[in-house]
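# Geometric and topological summary
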Amino acid sequence: MPIRIAPPMTTSPSRPRILTGDTPTGTLHLGHWVGSVKRRVELQSSHECYFLIANIHAFTTRARQADDIRRDSIEIVRDYLAMGIDPAQSAIFLQSEVPAIAELTFLFAMLLPFNRVMRNPTLSEEIKVKGLGEQYSFGFPLYAVGQTADILAFRAAGVPVGEDQVPHLEMTREVARRFNQIFCGVSEHAEDADHEKLGGVFPVPKADVGAVGRLIGIDGVNKMSKSLGNAIFIADSAKEIHKKVGKIFTGRQSPSEPGNIENALFQYVDAFITDPVRVAELKDRYSRGDNIGDGHVKVEVAEAINTLLEPMRERRKQYEGNDGAIIEILRDGTSRANALAEETLAKAKTAAKLGYFPRRLALG
Ligand code: ATP
Ligand code: MG
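Calculation rules
- Residues numbered from 1 in each chain as written.
- Chains lettered and ligands numbered in written order.
- Predicted model: local features only at pLDDT ≥ 70, side-chain atom pairs only at ≥ 80, totals over all residues.
- Heavy atoms only, no water.
- Phe/Tyr/Trp six-rings, centres within 6.5 Å; stacked < 30°, edge-to-face > 60°.
- Helix = DSSP H or I, 4+ residues; strand = E, 2+ residues; numbered from the N terminus.
- Buried < 20%, exposed > 50% of the residue type's maximum accessible area, 1.4 Å probe, protein only.
- Axes fitted to C-alpha atoms, helices over the stretch in contact; angles between N-to-C directions.
- Left-handed = near helix turned anticlockwise from the far one by under 90°.
- Contact = heavy atoms within 4.5 Å.
- pLDDT = per-residue confidence, 0-100.
- Parallel < 35°, antiparallel > 145°, perpendicular 65-115°, else oblique.
- Arc of directions from axis to C-beta.
- Near = heavy atom within 4 Å.
- Polar contact = N/O pair within 3.5 Å; in protein donor to acceptor, adjacent residues only side chain to side chain.
- Areas by Shrake-Rupley, 256 points an atom, 1.4 Å probe, with all protein chains shown as cover.
- Nonpolar A, V, L, I, M, F, W, Y, C, P; charged D, E, K, R; others polar.
- Domains from an automatic or database assignment.
- Buried area = accessible area lost by both parts, 1.4 Å probe.
- Salt bridge = Lys/Arg side-chain N within 4 Å of Asp/Glu carboxyl O.
- Pairing = 2+ DSSP bridges.
- Right-handed = clockwise from strand over helix to strand, strands pointing away.

Counted by the stated rule, this structure contains 12 aromatic pairs. Ring geometry for phenylalanine 266 against tyrosine 286: centres 4.4 Å apart, planes inclined by 50°, an arrangement best described as tilted. One end of the pair, phenylalanine 266, is in helix 10 (residues 264–272); the other, tyrosine 286, is in helix 11 (residues 276–288), and 20 residues separate them in sequence. A relative accessible area of 0% places phenylalanine 266 in the buried class. Residue tyrosine 286 is classed as buried on the basis of its relative accessible area, which comes to 0%. Relative to phenylalanine 272, the ring of tyrosine 268 lies with its centre 6.1 Å away and its plane at 40°, an arrangement referred to as tilted. Linking tyrosine 268 with phenylalanine 272, this pair stays in helix 10, spanning four residues, or about one helical turn. Each member of the pair, tyrosine 268 together with phenylalanine 272, is buried.

Each pair of packed helices can be described by the angle between their axes along with the distance between the axes. At a closest axis distance of 9 Å, the pairing of helix 7 (residues 139–152) and helix 8 (residues 166–184) adopts a crossing angle of 65°. In terms of crossing hand, the pair formed by helix 7 and helix 8 is right-handed. Judged by residue contacts, Tyr143, Ala144, Val145, Gln147, Thr148, Ile151 and Leu152 of helix 7 engage His168, Leu169, Met171, Thr172, Val175 and Ala176 from helix 8.

Attention now goes to unusual backbone geometry. The backbone phi angle of arginine 155 is positive, close to 45°, even though this residue is not glycine. One can find arginine 155 in the loop between helix 7 and strand 4 (158–161). We note that asparagine 291 has phi near 50°; this positive angle belongs to a residue other than glycine. Looking at the element boundaries, asparagine 291 is found in the loop between helix 11 and helix 12 (294–317). Under the relative-accessibility criterion, asparagine 291 is labelled exposed at 59%.

Our next topic: the confidence of the model for the chain. Here the chain averages 94 in pLDDT, and 96% of its residues register 70 or above. Scored below 50 in pLDDT, residues 1–12 makes 22 contacts in the model with residues more than four places away or belonging to other chains.

Here we come to the packing of helix 4 (residues 99–109) against helix 7. Put simply, helix 4 and helix 7 touch, their axes get as near as 8 Å, and they point 120° apart. Regarding the angle of helix 4 to helix 7, the classification is oblique. Along this stretch, helix 4 crosses helix 7, giving a crossing that reads as right-handed. Residue-level contacts link Ile101, Leu104, Thr105, Phe108 and Ala109 of helix 4 to Leu142, Val145, Gly146, Thr148, Ala149, Asp150 and Leu152 of helix 7.

For helix 9 (residues 238–246), the set of buried residues is Ile241, Lys244 and Val245. Looking down the long axis of helix 9, one finds its buried residues gathered within 95° of arc, a one-sided arrangement. Opposite the buried face of helix 9, by more than 90 degrees, sit the exposed residues Lys239 and Lys243. Of the surrounding secondary structure, the elements contacted by the buried residues of helix 9 are helix 12.

Our focus in this paragraph is the site of ligand 1. Taken together, 23 residues surround ligand 1, and among them Thr25, Asp164, Lys223, Lys226 and Ser227 come closest. Within the contact set of ligand 1, a nitrogen atom lies 2.9 Å away from a backbone nitrogen or oxygen of methionine 224. In isolation ligand 1 offers 600 Å² of accessible surface; the protein chains occlude 96% of this area. Of all elements in the fold, only strand 1 (17–22) and helix 1 (30–43) reach the threshold of two or more residues within the shell around ligand 1. Residue composition of the shell around ligand 1, by class: four nonpolar, 12 polar and seven charged.

Before going further, it helps to spend a moment on the domain arrangement of the chain. If you check the domain split of the chain, you get domain 1 (17–214 + 321–351) and domain 2 (238–316). Counting from both sides, the interface comprises 12 residues of domain 1 and, opposite them, nine residues of domain 2. Between domain 1 and domain 2, the buried area comes to about 830 Å², and carbon and sulfur atoms account for 67% of it. When the buried area of domain 1 at its contact with domain 2 is split by residue, Leu30, Trp33 and Ala82 rank highest and sum to 55% of it. The interface formed by domain 1 and domain 2 includes two salt bridges. Summed over the shared surface of domain 1 and domain 2, the number is four residue pairs in polar contact (both at pLDDT 80 or more).

By the criterion of burial, strand 2 (residues 48–53) is predominantly enclosed, with six of the six residues buried. Side chains Glu48, Tyr50 and Leu52 project from strand 2 onto one buried face, and the interleaved Cys49, Phe51 and Ile53 project onto a second face that is buried too. Of the pairings in the sheet, the one linking strand 1 to strand 2 comprises six bridges and is parallel in character. Its bridge partner lying in strand 2, glycine 21 is registered against leucine 52. The parallel pair strand 1 and strand 2, bridged by helix 1, forms a crossover whose chirality is right-handed. Two strands pair when backbone bridges link them, and strand 2 and strand 3 (residues 90–94) are joined in this way by five bridges, in the parallel orientation. Within the sheet, the bridge partner assigned to isoleucine 53 lies in strand 3 and is leucine 94.

Next comes the structure, spelled out in structure tokens:
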């Protein structure tokens, strides 16, 4: 399939800019769709979009699996294309190939108290549910600082993310304010919206949480996550979807037992059955125990998910087995990302009195 390359993006956008991304610790699942990617697809024609593959951050938990990180980086791009992200409109790029991000990470690490980073609730939660114990690397908490650089390198106004990322966004907002106050003379009393107008290098970005901010996994306990074995993947077959939805645990015994419509299964009903009348009907009958079994609801949920995924499977086929096309998309996106991130880094270095010589960066 021919790849359409977008014209170079201007660095002073007339369209608001968004940045977000995914870590190649696996491939993308339904949580990504409802929490973030659906929103990206909605925004891509009206916004200047940058979507990052956080391949360096994947080393926080997968340092011994470099091959897997590389494979999943490519697969995630396939998932993006399947879900409707258009590389002609949106820059899809590799974190590892944008050096300005690493440089800003170091600088921003100086602006955040150590204890502030370690108190980040998303980090504590990840340490717990991913079983990292006391053995996690120094780079693990550093990834949260790195994420502030991912976002601010693009001077993004909005960040479409799931709920778990809101604490990281809060830290990003703190870094932006602090940098602007320390190095650009922006007053401590300035409104967030005025920071750039008052000479700050960075806008204070906002989280844009998707329709379902935290989709529960099929274990019915944790957030659906690539790393936790509780995910329904975008690339799963129709048969796998039925099998996985069949596993969602509710604890209900019989079709006549009044069911709890707050349970994991009904979170899927809400997220994926698109007809509100049918959703209301299912909830009514289930909560009264009106002869409706979990099995029945699960079949309807699986069918609704398959209706959503079928066009994605079709689009995905065009890119199957064609890693070359994916690499070209990444090369184009990464080159656009570097143009902007280098510009931001130069502004930040000038503000921090580190601007000695101009430099130019090119991909081979
Ligand atoms: P990992 O298990 O490695 O942490 P993950 O499945 O949590 O992977 P990330 O790459 O960490 O996926 O997250 C990418 C984006 O998808 C983030 O914006 C995150 O908030 C969102 N996201 C991930 N899982 C869910 C979910 N279950 N519900 C809603 N949004 C989600
Ligand atoms: Mg995660």
